Amino acid sequence: MTVLGIETSCDETSAAVVRGRRILSSIVSSQVESHAAFAGVVPELASRMHMERLPAVIAAALCAAFGRRASVRDLGRRVDAVAFTQGPGLMGALLVGKVAAQSLAEAHGLPLVGVNHLEGHALAVGLVRRVAMPYLALIVSGGHTELVLVRAAGRYRVLGRTRDDAAGEVFDKVAKFLRLGYPGGPAVDRCAREGRADAVDFPRPLLPGTWDFSFSGLKTAVLYHVRDAGYADAGRVRPAVPARRRLPRGFLADVCASFQEAVVDTLVEKTLRAARCHGVRTIVVGGGVAANRRLREKFARGVRGRGLRVHFPPPELCTDNAAMIAYVGERRLRSGRISRRHAVNPSMAIRSWA
Ligand code: KG4
Ligand code: ZN
């Protein structure tokens, strides 16, 4: 089955064509440069940019999959269904993708499948390798930190989730405070390579007794550390208030490395404990933060000798993309759990998945 996927939940405008497990095309138009000036995603700007870019992105995905002459006009004979990100995400941004997908599906009489964005991150690894279920998925993105037991495609149990700042969000906020630019995750990842991970003993918020995550205390600890070292305006320690004086390179690198280590240790430790507790031997990590070099290293080390395996999708399938959305749509249609004639009620509300 061949499915056109559309993803517009945040700041990536993306369309892809997937056939079974094969990605025929995947186009991602990132808005990062436009949001960088504001050091974060501006929802109104994101919606407008999706509106401007989505038609060309869909056209490019169809041409890349089926050749230069392909267009939305002959969509009906090229694909079997249209899948789109139904939520969670920025409402205005989601609506652009939903309306586009719905219009295309209705105009060509194709089934329409609304996909949960997090389900996309949890299953994306399936586009590059067969990973036997059940597995434990750690989804770490700009808006979410979730531990999900994937029993089978379509059967999920959310064990824990973000209580405050998500993992990616805390990278972005700390980077903003340190004036490292946006998005913060890759900037901290780069800067940390020159620093010592044991330079500052930041807290590991393990939250015993729950699989939930909370990173806002760690964020505050970083801000206080920078302030106490005399680099920030005391009393105005807020993420939006950047370090006042230019931070020495070595100090900055040590703070980045130590902060990153604390986030990574927390994510790895909790995930390994959850895997043990639920008797699951396979771990899959997805979402933008899964691109983090240190997280990959420490997971690989953490599973060694414990009878566990960990899989990461390639970085381009960790960050937001429509291929994972098309893939989930394809699996759901093929499973027969939704009718091919009318996969979703087009007026269905955008909901979370658990
Ligand atoms: O999954 P994603 O592309 O979008 C959302 O669904 O939110 O994740 C984006 C997040 C951003 O917060 C970004 O800073 C973070 O992923 N990120 C990273 C890295 N690359 C992207 N965080 C840490 N290290 C990285 N290398
Ligand atoms: Zn995402």
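A quick note: this is a predicted structure, and the numbers were derived from the prediction, not measured.

1. Description of the overall build of the protein chain
Item 1. Broken down by element type, the protein chain carries 12 helices and 10 strands.
Item 2. In terms of C-alpha radius of gyration, the protein chain reaches 21 Å, essentially the compact-globule figure of 20 Å for 354 residues.
Item 3. Based on the C-alpha atoms only, the size of the protein chain along its principal axes is roughly 65 × 45 × 35 Å.
Item 4. Here the protein chain, with 354 residues, has 54% of them falling under the buried criterion.
Item 5. Put simply, of all contacts in the protein chain between residues at least 6 apart along the chain, 71% involve residues at least 24 apart.

2. A word on the site of ligand 1
Item 1. Not every one of the 21 residues close to ligand 1 is listed here, only the nearest: Gly 142, Asp 172, Gly 185, Asp 189 and Gly 288.
Item 2. Asn 292 is positioned such that a nitrogen or oxygen atom in its side chain is 3.0 Å from a nitrogen atom of ligand 1.
Item 3. Taken by itself ligand 1 offers 560 Å² of open surface, and the protein chains cover 89% of this.
Item 4. At a threshold of 2 Å from the grid points, most atoms of ligand 1 map onto the largest pocket.
Item 5. Residue contributions to the shell around ligand 1 peak at 4 residues, all from helix α7 (residues 184-192).
Item 6. Residues of the shell around ligand 1, tallied by class, amount to 6 nonpolar, 12 polar and 3 charged.

3. Points about the pairing of strand β4 (residues 81-87)
Item 1. With respect to burial, β4 is a largely interior element, 7 of its 7 residues being buried.
Item 2. Pairing of β4 with strand β5 (residues 112-116), which is carried by 5 bridges, proceeds in the parallel orientation. Pairing of Gly 87 across the sheet is with Asn 116, part of β5.
Item 3. On the question of chirality, the crossover connecting β4 to the parallel β5 by way of helix α4 (residues 91-108) is right-handed.

4. Description of unusual backbone geometry
Item 1. Residues Gly 87 and Pro 88 are joined by a peptide bond in cis, for which omega reads -5°.
Item 2. You can see Pro 88 is positioned in the loop between β4 and α4.
Item 3. With omega at 5°, the peptide bond leading from Met 133 into Pro 134 counts as cis.
Item 4. At Arg 179, a residue that is not glycine, the phi angle is positive and equals roughly 55°.
Item 5. With respect to the element layout, Arg 179 can be found in the loop between α6 (167-177) and α7.
Item 6. Positive phi, close to 45°, is recorded for Leu 207, a residue that is not glycine.
Item 7. Within the secondary structure layout, Leu 207 lies in the loop between α7 and α8 (216-228).

Parameters at a glance
Residues numbered from 1 in each chain as written. Chains lettered and ligands numbered in written order. Predicted model: local features only at pLDDT ≥ 70, side-chain atom pairs only at ≥ 80, totals over all residues. Heavy atoms only, no water. Helix = DSSP H or I, 4+ residues; strand = E, 2+ residues; numbered from the N terminus. Rg over C-alpha atoms; globule rule 2.2 N^0.38 Å. Buried < 20%, exposed > 50% of the residue type's maximum accessible area, 1.4 Å probe, protein only. Contact = heavy atoms within 4.5 Å. Near = heavy atom within 4 Å. Polar contact = N/O pair within 3.5 Å; in protein donor to acceptor, adjacent residues only side chain to side chain. Areas by Shrake-Rupley, 256 points an atom, 1.4 Å probe, with all protein chains shown as cover. 1 Å grid on protein atoms, 1.4 Å probe; cavity = no way out; pocket = protein on both sides within 12 Å on 5 of 7 lines; lining within 4 Å. Sits in = over half its atoms within 2 Å of the grid points. Nonpolar A, V, L, I, M, F, W, Y, C, P; charged D, E, K, R; others polar. Pairing = 2+ DSSP bridges. Right-handed = clockwise from strand over helix to strand, strands pointing away.

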